[in-house]
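Coordinate inspection notes
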2 protein chains.
Amino acid sequence: MSTLVQQLGKQAQVASRVLAKLTTQQKNEILMQAADALLEHCDEILEANAQDLERAKQNDMPKPLQDRLMLTKARVEAIAKGMQEVAQLEDPVGQFVKMEKRPNGLYIMQKRVPFGVIAVIYEARPNVTADVFALCFKSGNATILKGGKDAASSNLAIVNVLQQALRQAGLTEHAVQLLEDNSREASRELMRCHEYVDVLIPRGGAGLIRSVIETATVPVIETGTGNCHVFVDDTADLDMAASIIVNGKTQRVGVCNAVESLLVTPSVAKAVCQRLDQEFAQFPVKIHAEQELLEYFQQNPKFLATPEDWGTEYLDYEISIKVVDDLDEAIAHINRYNTRHSECIITQDFSNAEQFLDEVDAAAVYVNASTRFTDGHEFGLGAEIGISTQKLHARGPMGLQALTTTKFVIYGNGQVRP
Amino acid sequence: MSTLVQQLGKQAQVASRVLAKLTTQQKNEILMQAADALLEHCDEILEANAQDLERAKQNDMPKPLQDRLMLTKARVEAIAKGMQEVAQLEDPVGQFVKMEKRPNGLYIMQKRVPFGVIAVIYEARPNVTADVFALCFKSGNATILKGGKDAASSNLAIVNVLQQALRQAGLTEHAVQLLEDNSREASRELMRCHEYVDVLIPRGGAGLIRSVIETATVPVIETGTGNCHVFVDDTADLDMAASIIVNGKTQRVGVCNAVESLLVTPSVAKAVCQRLDQEFAQFPVKIHAEQELLEYFQQNPKFLATPEDWGTEYLDYEISIKVVDDLDEAIAHINRYNTRHSECIITQDFSNAEQFLDEVDAAAVYVNASTRFTDGHEFGLGAEIGISTQKLHARGPMGLQALTTTKFVIYGNGQVRP
């Protein structure tokens with residue numbers, strides 16, 4: 001195994017033992033100082049980002065991706081503000097989950113403690129670098145970051161500033177480390193660094209997530225792919241349906257909680273589609289619909305849906321539309337094609353709502369509200385490090401508590417097992 | 001991928017959707033009926049077990065392993081009783097973790113739901129077959145079992161009885177399925193059956209756990225290896241120390257919460273060792289100690305400890321003993337060599353106790369009590385499916401709650417994201 005990854009892992013583990021002992025107050029002060037440092041060194045960060053952008057242009061990176069890569073003074077200020085907000089959040093470390101006196105006099109306490117070392121592999125958004133550090137640090141964890149190579153200079157500049165702030169606070173800079181080797185081999189080694197990494201969170205597209213699941217030996221929290229559906233049943237309020245579908249599809253495309261697929265019952269199919277034909281006209285939404293529905297769409301580009309459409313997360317102005325006979329078929333279709341993220345039924349029928357909420361297998365199930373709400377801020381967690389689409393450990397938006405584990409602490413006075 | 005594993009996975013997923021909807025009362029009744037069925041069919045189970053034992057003898061299986069493999073009428077009764085006890089436990093499914101009204105009027109509820117499909121790979125103890133089924137069934141999960149090939153006939157007989165009881169209760173027999181293909185390839189496919197298996201729990205020795213971590217793409221909960229230490233500091237009550245060490249080492253060897261290694265400070269080394277020399281004399285305990293300690297042991301077989309001893313989980317009447325200068329060295333040694341299971345300090349010093357409890361990285365940390373208490377029953381969970389030594393999802397003894405995940409359920413009345 002590479003000396004570099006092993007070395008980062010070992011340093012992170014040593015650092016994690018220091019971080020676990022910091023008080024909430026100490027952590028908050030350091031986060032505020034780190035936020036100030038980002039603002040002070042804004043010019044250096046923007047300079048580094050300009051190098052990344054220059055490379056991106058030379059490589060003909062698509063414009064929307066260039067926009068995600070780009071930092072501005074306002075964006076650096078937003079990153080610093082995010083860090084200050086994390087300082088205000090409640091610290092989960094040390095909270096008691098349970099405390100019990102057993103019949104033999106043992107006191108058994110279960111309390112929240114940091115994981116130790118959290119590794120995060122992500123793609124080309126440099127703001128993630130500071131966001132992830134803030135959440136991991138506040139929850140007492142050392143962080144190993146592996147960013148996308150397109151943002152290499154920006155990430156390095158940000159981590160340098162954070163490390164300098166840590167040193168100035170008298171703390172080890174190994175609390176946050178960037179894996180600068182952008183080779184596949186280095187990624188692979190990080191995913192298999194079972195000795196030092198307690199949990200690995202991949203943040204990115206379906207390809208990254210698949211590769212991590214395929215390769216990792218360290219425990220993983222799968223995040224973020226979202227093939228989200230809205231199902232409109234016979235009893236739905238059609239104004240509400242249109243409003244929720246349009247919001248889910250167009251309020252922001254390219255995010256995991258956006259709507260990708262619409263299911264309608266035969267009796268509402270025509271009304272819903274004609275309504276959407278009007279609503280979607282102001283957006284460049286491509287329609288992928290079953291044959292019988294295509295006639296209802298006059299304004300937007302339309303295509304005959306193929307079986308591949310049902311499993312596609314477009315992350316763009318595109319939507320697939322299908323007729324299902326009834327609720328059971330809707331649930332079966334969703335459970336077959338969804339990515340366990342967010343699913344919604346529009347209905348006025350109580351039993352239908354309850355059955356959908358019970359039987360659809362997803363992190364978040366909605367009745368009569370937009371799937372766009374699946375988000376740490378919207379759910380009241382204050383911030384999020386990602387949205388888990390697996391069932392182990394955390395499911396749905398993950399806040400600070402998801403970055404902790406628990407430890408049983410047992411106080412005895414000589415008890416032995418009979 | 002093998003048709004067989006895929007088929008079991010698919011059937012389990014379909015069954016899991018039925019199980020998720022059962023009421024607690026329905027589940028309890030079926031568990032009681034399954035327990036009765038095991039008693040009724042005791043003869044068939046013992047007959048199958050006799051075949052396994054016959055094979056084991058022909059293959060010269062060591063006697064202690066033969067004993068673990070053997071079923072008797074009393075043991076089948078104990079298995080049935082265990083199942084009845086699980087019926088009495090509180091059902092975690094449907095419990096609310098959180099319910100909140102958001103400023104926009106959304107009601108966001110987080111509630112416990114079954115995982116869906118749980119796969120368990122285990123070694124040659126046929127009682128595990130029924131125990132695992134009971135816990136997974138009570139928590140609303142479908143189970144895929146992969147037992148050791150040495151217990152193949154016993155496991156099949158038990159699963160046949162359970163499936164018959166399920167059918168008689170009008171339920172799908174796919175609620176519990178045995179993977180009868182004992183090849184490595186079938187195991188490997190089960191570990192990589194990401195499409196249908198929600199979590200995989202390996203129960204067995206270090207070799208099995210390593211192989212699962214190396215191979216699995218499904219989320220895993222690591223269980224059970226325990227290189228557990230007792231550290232005796234300068235201030236310890238030496239009667240208490242001796243009693244806890246002897247209990248930890250000899251009350252039951254071959255279990256993960258047994259003591260494998262003893263650390264002593266220089267000032268108590270002689271007294272502790274001489275005391276243990278007396279106490280251990282009645283047991284066949286082999287001593288692996290550092291040079292300076294060997295002279296204190298007159299009665300038991302003794303060996304000069306090698307570096308390998310510090311990392312060895314003997315699972316037998318053997319113990320390694322080392323002198324450490326102080327608490328810091330003890331903590332560093334433990335964090336280097338332990339398996340994150342259970343660790344104990346014997347002390348009368350408050351600060352030493354707190355530092356040890358804080359800084360030792362393990363699922364359960366003890367002051368002045370035997371590590372043998374790390375157990376679902378002893379911790380008041382009622383039963384356990386294993387002891388997690390990882391930090392993701394569950395840590396320490398895992399009861400029914402560890403076999404559930406959560407789901408966000410959101411009630412709206414038309415809310416969209418601004």
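In case you missed it, the structure is sitting above this.
In what follows, the accompanying structure is described. All residue numbers here refer to positions counted from 1 along the written sequence of the relevant chain. As they are written, the chains are lettered A onward and the ligands numbered 1 onward, keeping that order. Confidence filtering applies because this is a predicted model: local features only for residues at pLDDT of at least 70, side-chain atom pairs given and counted only at 80 or more, and all residues used for totals across whole chains, interfaces and linings. The side-chain figures draw on all heavy atoms in the structure; neither hydrogens nor water molecules are used.

Remark: nonpolar core denotes a set of buried residues (Ala, Val, Leu, Ile, Met, Phe, Trp, Tyr, Cys) joined through side-chain atoms within 4.5 Å. Each residue's exposure class comes from its accessible area (1.4 Å probe, protein chains only) as a fraction of the maximum for that residue type: buried when under 20%, exposed when over 50%, partly exposed otherwise. Met 83 of chain A together with Met 83 of chain B are the most contacted members of the largest nonpolar core, which totals 152 residues. What Met 83 of chain B contacts, discounting residues up to four positions off in sequence, is Leu 31, Ala 34, Ala 35, Leu 38, Ala 130, Phe 133, Ala 134 and Leu 162 of chain B. The contact criterion used throughout is that any non-hydrogen atoms of two residues lie within 4.5 Å.

Another aspect to go through is the interface of chain B and chain A. Across the contact, 76 residues belong to chain B and 76 residues belong to chain A. Summed over both partners, buried area is the accessible surface (1.4 Å probe) that two parts give up on being assembled. Buried area between chain B and chain A, summed over both chains or domains, comes out near 6100 Å², and the portion from carbon and sulfur atoms is 50%. Throughout this description, the term salt bridge denotes a Lys or Arg side-chain nitrogen within 4 Å of a carboxyl oxygen of Asp or Glu. Applying the counting criterion to the chain B and chain A interface returns twelve salt bridges. The definition of a polar contact used here is a pair of N or O atoms within 3.5 Å, where within protein one atom must be able to donate a hydrogen and the other to accept one, and adjacent residues in sequence count solely through side-chain atom pairs. Viewed at the interface, chain A and chain B are joined by 47 residue pairs in polar contact (both at pLDDT 80 or more). It is strand β16 (residues 404-415) of chain B that contributes the most residues to the side of chain B that touches chain A, eleven residues altogether. As a working rule, the residues Ala, Val, Leu, Ile, Met, Phe, Trp, Tyr, Cys and Pro are called nonpolar, Asp, Glu, Lys and Arg charged, and the rest polar, with Gly in that last group. Tallied by class, residues from the side of chain B that touches chain A come to 32 nonpolar, 22 polar and 22 charged. What counts as a helix is a DSSP run of H or I of at least four residues, what counts as a strand is a run of E of at least two, and both are numbered from the N terminus.

Even without being a glycine, Asp 60 of chain A presents a positive backbone phi close to 55°. A positive phi angle is found at Asn 368 of chain B, which is not glycine, with a value near 60°. Considering the arrangement of structural elements, one finds Asn 368 of chain B in strand β13 (residues 364-369). The exposure class assigned to Asn 368 of chain B is buried, which follows from its relative accessible area of 6%.

With that out of the way, let us pick up the pairing of strand β11 (residues 318-323) of chain B. Residue and element names in this part refer to chain B. Taking burial as the measure, the six residues of β11 include six buried ones, the bulk of the element. Burial along β11 is two-sided: Glu 318, Ser 320 and Lys 322 and Ile 319, Ile 321 and Val 323, pointing in opposite directions, are all buried. If DSSP finds at least two bridges between two strands, the strands pair. Two elements, strand β8 (residues 259-264) and β11, share four bridges in a ladder whose sense is parallel. Its bridge partner lying in β11, Ser 261 is registered against Ser 320.

Next up on the list: the packing of helix α5 (residues 73-88) of chain A against helix α6 (residues 127-138) of chain A. Two quantities define a packed helix pair, namely the angle between the helix axes and the distance between the axes. Residue and element names in this part refer to chain A. Axis geometry follows a simple rule: fit a line to the C-alpha atoms, using only the stretch in contact for helices, then measure angles between N-to-C directions, giving values from 0 to 180 degrees. Axis separation between α5 and α6 bottoms out at 10 Å; the angle between their running directions is 10°. Judged by the inter-axis angle, α5 sits roughly parallel to α6. As for how α5 packs across α6, the hand of that crossing is right-handed. Contact with α5, carried on its side by Ile 79, Met 83, Val 86, Ala 87 and Gln 88, involves Asn 127, Ala 130, Phe 133, Ala 134, Leu 135 and Lys 138 of α6 and no other residues of that element. In terms of residue class, the contact of α5 with α6 is made up of eight nonpolar, two polar and one charged. Orientation labels follow simple angle bins: below 35 degrees gives roughly parallel, above 145 gives roughly antiparallel, 65 to 115 gives roughly perpendicular, and whatever is left gives oblique. The handedness criterion is simple: a crossing whose near helix is rotated anticlockwise from the far helix by less than a right angle is left-handed, and one whose near helix is rotated clockwise is right-handed.

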